[in-house]
Structure formats: C-alpha cells, structure tokens
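Breakdown of the fold
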Amino acid sequence: MKITKQNWKYYLFIGIGIMMLITVGIAYLPGIISNGMYEFELTFLSNLITGLVFITGGGIGLLQKKELPQIYYLNSSILLVLVFLTCMAFFREMNFSGAFLFLHIINPIVALIIFICFTSDGKKLTKIELVSTFFLPIIYLVYAIAYGILSGYWLYGFINIDDKGILYVSIVCIIMAAGILVGSVFLHRISRAVYKMKINN
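What counts, and at which threshold
- Residues numbered from 1 in each chain as written.
- Predicted model: local features only at pLDDT ≥ 70, side-chain atom pairs only at ≥ 80, totals over all residues.
- Heavy atoms only, no water.
- Patch = residues over 30% accessible without salt bridge, like charges linked within 9 Å, V, L, I, M, F, W, Y side chains within 5 Å.
- Areas by Shrake-Rupley, 256 points an atom, 1.4 Å probe, with all protein chains shown as cover.
- Salt bridge = Lys/Arg side-chain N within 4 Å of Asp/Glu carboxyl O.
- Helix = DSSP H or I, 4+ residues; strand = E, 2+ residues; numbered from the N terminus.
- Buried < 20%, exposed > 50% of the residue type's maximum accessible area, 1.4 Å probe, protein only.
- Core = buried A, V, L, I, M, F, W, Y, C linked by side-chain atoms within 4.5 Å.
- Contact = heavy atoms within 4.5 Å.

1. What about a nonpolar patch on the surface?
Judged by side-chain polarity, Ile18, Ile22 and Ile26 come together as a nonpolar surface patch covering roughly 280 Å² of accessible area. Relative to the assigned elements, isoleucine 18 resides in helix H1 (residues 8-35). For isoleucine 18, a relative accessible area of 41% puts it in the partly exposed group.

2. Some thoughts on the pattern of salt bridges
As enumerated under the stated definition, the model contains 1 salt bridge in all. The salt bridge involving glutamate 67 is made with lysine 9; its shortest N-O contact spans 3.3 Å. A residue pair is termed long-range when its members are at least 10 positions apart, and glutamate 67 in the loop between helix H2 (42-64) and helix H3 (70-89) and lysine 9 in helix H1 qualify at 58 residues. Look at glutamate 67 and you get partly exposed, because its relative accessible area is 41%. You can call lysine 9 buried: its relative accessible area is 15%.

3. Regarding unusual backbone geometry
The backbone phi angle of lysine 65 is positive, close to 55 degrees, even though this residue is not glycine. Mapped onto the elements of the fold, lysine 65 is located in the loop between H2 and H3.

4. Some remarks on the nonpolar core
Membership of the largest hydrophobic core comes to 44 residues, with the highest contact counts inside it found for Leu42, Phe54, Tyr73, Tyr156, Phe158 and Ile159. Elements that contribute at least two residues to this core include exactly H1, H2, H3, helix H4 (100-118), helix H6 (135-151) and helix H8 (166-200). Leucine 42 has contacts with Leu79, Leu82, Val83, Tyr140 and Tyr156, leaving out every residue within four places of it along the chain. Of all hydrophobic cores here, the second largest spans 7 residues; its members include Val24, Ala27, Phe44 and Phe100.

5. Some words on the side chain of serine 184
Mapping serine 184 onto the fold places it in helix H8. With residues near it in sequence (within four places) discarded, serine 184 still touches Leu74, Ile78, Leu130 and Thr133.

Structure representation (structure tokens):
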C-alpha cells in the first residue's frame, strides 16, 4: 500500500507504536525473563498500551479507512502523561538511562504531539468519555498500593505507605486525579483547536 497524502499519518501511527513496543522490550524484557516483576510498572503498561493503540489506529485507518475514536488515544496517552509528570516530580528516584529515556520522556512527548495534531475529528468528548480517563490511572494506583501492602514491594517510592504514610500518599493520589481530569480537558481542547485551524486553512 502506497503512502499518500490521505494515509501517511496512519503509517506514522504504526511507526510510533512499533517504536514504543521496541523500547518497552529493550528496557523490560531482561527483567521480565529473570524475575517476572517489572511488567507491572506503569511505565511498562502505559507504553505498551499506547503503542498498541497507535498500531491499532493506524491499521484501522489503512485497512478500513476509518478513524479510531479519539477517546482511545486520550485514555492511553494520559497514562504516558502521568508517567512523564511523575518522572518530573520525582526525577531523583527515576531511571533515565538507555531505553528508559524513551519510556519516561521521549515516548510521552511524541504521543502528546501526535494526539494533539492528528487524532481529533472536531467533536466534543462527552462527560462520560472524559470521566473514563480516570479509570486506567485510578485502577493502577489502587492495584499498586494494594500490591505494596500485600507483598511489601512498592513499585514506586512515592506511594510507599510504610515509608511516606497514608496522608502523604492520599494527597499524592488526589493531586494525580485532579491533574488527570484537568489535563484530559486541556489536551482535548487543544486538539480540537488544532483540528479547526487545519480545517480553516
């Protein structure tokens, strides 16, 4: 299938998705093979999910000439935004070497640019769709805290209740939840504004 003005962005989506999956494999495969724990980190899951969403969106665009609804891109990209902001807030605790530079910094930035510039169809997301952006991050936070309590192994130091205390962790979770909602609305509005600019030009 030839690359044309109509379908080039779908090849871009697939290429970016593959890049995310490759960097996930480079960073995590050795750890998964050796002890099978690291696949539960949000960095792993967010990059894996977003990579698969971009590949799926590109495939649907090329094969079915349809657009994957923007909410799928938003729900996955917001996970990468959470990873990126967490790394910025707790950069001393994070790993930025090798492939983790992509997973923590480059992939989230690329995903945001693609989301803003190429995924909007000009429609407003419903309230239910915007609220759905909470689901994956909140589910993961609940899982990570429960996993830490039950196993004694904390995936991230800033949610370590044993070390930080319940009040600190609760405040962090509330700030994250508020940030997710505000960030989702903000990103969606920017993407719609970019879409309107492209239509008008």
